[in-house]
Amino acid sequence: MLLALWSPKGGSGTSVVAAALALVSAGRVDETHLADLGGDQPAILGLPVPDCGFGSARPSEGLTGWLAAGPSMPTDCLDEMSVAVVPGLTLLPCGSDIAADRLPEEGGAALAVGLRDGGIAVLDAGPSRGSDQGAAFAAIEVADATLMVIRPCYLALRKAVGDPRLARSAGAILVEDPGRALDADDVAAVLGVPVLGRVPVRAEIARAVDAGVLRDRLPGPLADSTDAILDRLADMAGGRWAA
Ligand SMILES: Nc1ncnc2c1ncn2[C@@H]1O[C@H](COP(=O)(O)OP(=O)(O)OP(=O)(O)O)[C@@H](O)[C@H]1O
Ligand SMILES: [Mg+2]
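The rules behind each value
- Residues numbered from 1 in each chain as written.
- Chains lettered and ligands numbered in written order.
- Predicted model: local features only at pLDDT ≥ 70, side-chain atom pairs only at ≥ 80, totals over all residues.
- Heavy atoms only, no water.
- Core = buried A, V, L, I, M, F, W, Y, C linked by side-chain atoms within 4.5 Å.
- Buried < 20%, exposed > 50% of the residue type's maximum accessible area, 1.4 Å probe, protein only.
- Contact = heavy atoms within 4.5 Å.
- Patch = residues over 30% accessible without salt bridge, like charges linked within 9 Å, V, L, I, M, F, W, Y side chains within 5 Å.
- Areas by Shrake-Rupley, 256 points an atom, 1.4 Å probe, with all protein chains shown as cover.
- Salt bridge = Lys/Arg side-chain N within 4 Å of Asp/Glu carboxyl O.
- Lys, Arg positive; Asp, Glu negative; His and termini not counted.
- Charge placed at Lys NZ, Arg CZ, Asp CG, Glu CD.
- Helix = DSSP H or I, 4+ residues; strand = E, 2+ residues; numbered from the N terminus.
- Axes fitted to C-alpha atoms, helices over the stretch in contact; angles between N-to-C directions.
- Parallel < 35°, antiparallel > 145°, perpendicular 65-115°, else oblique.
- Nonpolar A, V, L, I, M, F, W, Y, C, P; charged D, E, K, R; others polar.

So, about the nonpolar core. Ranked by size, the top nonpolar core spans 41 residues in total, and within it L63, W66, I150 and L191 carry the most contacts. When near neighbours in sequence (up to four residues on either side) are disregarded, L191 contacts M148, L157, A160, V161, L166 and A172. Formed by 36 residues, the second largest nonpolar core is a distinct cluster that contains L3, L21, L45 and V199.

In structure tokens, the structure reads:
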């Protein structure tokens, strides 16, 4: 089962939500993978930036190296590049700094099929360019569920409605900073998809990310909201998600 997360606007909290969902999922089921197309996951999870040598691609290229090599790269290489995060959770690191929407679609689709068939997987689709091409979009198309991560922000909503990934999205996760004029109902009405989860913006979450301690101590508000999102996904998928 593959859940893909994307955002129409940078800095929305996509990578933090992806990390939290993967950590909570790992606590529920044996095998969870977090695939990082943005490059921030090692820092968010407090891991050293990994040296991910595999196959014939150059070391340190990670997922972007695998994607660049095309669909002929065996999926075994994905296992070889995996880094243990906590029991039950492995990270597929991003590798070199190439935007995944510039990498071939065939690789993205092959990655998503590999992830979909290998337990529970969360894909951090990386920073947005609003493109309907490239590996990240192809992976989103193959994912079992795709969710947009968005703040209740007019500028983000404007971008979201013109983004081709919206049509692939089953819903939105709202990262709610206090004091906004727009609420979850407004966001759902504009996007035409339901808000399936609400994650509060809290100083304790930002501090845990900054300190690299998220994997050891998921702040309560983030753990609770992530738990609720996984429950919602489990309901939607008839229990196929970690329940
Ligand atoms: N729920 C939250 N509460 C407080 N701070 C948060 C929360 N979620 C994310 N942040 C902070 O917001 C910033 C952006 O978060 P994050 O990197 O997850 O966003 P992103 O959408 O993945 O950005 P990018 O477009 O760069 O990939 C970070 O400083 C992070 O610590
Ligand atoms: Mg990110």
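Taken together, E31, D76, D79 and E80 make up a surface patch of like negative charges. Along the polypeptide, D76 turns up in helix α4 (residues 76–81).

With that settled, consider the packing of helix α1 (residues 14–28) against helix α10 (residues 220–236). Running from N to C, α1 and α10 point in directions that differ by 70°, and their axes come no closer than 9 Å. Here α1 lies roughly perpendicular to α10, going by the angle between them. The segment α1 lies against α10, with V16, A20, L21, V24, S25 and R28 engaging L222, A223, T226, D227, I229, L230 and D231. Considered class by class, the residues forming the contact of α1 with α10 number eight nonpolar, two polar and three charged.

So, on to helix α6 (residues 134–142). A large share of α6 lies buried, amounting to eight of its nine residues. Three or more residues of α6 are buried, namely G134, A135, A136, F137, A138, A139, I140 and V142. For α6, the secondary structure elements touched by its buried residues are β1 (2–6), α3 (62–69), α5 (105–116), β5 (120–124) and β6 (145–150).

Turning next to the pattern of salt bridges. Applying the stated criterion across every chain yields a total of eight salt bridges. The salt bridge partner of R28 is D231, with a shortest N-O separation of 3.0 Å. Linking R28 in helix α1 with D231 in helix α10, this pair joins segments that are 203 residues apart in sequence. Between R198 and E176 there is a salt bridge; the shortest N-O distance is 3.0 Å. Remark: E176 occurs in strand β7 (residues 171–176) and R198 occurs in strand β8 (residues 195–200); sequence separation between them is 22 residues. On the basis of relative accessible area, R198 is assigned to the partly exposed category, the value being 47%. Members of the salt-bridge network, linked through shared partners, are R28, D227 and D231.

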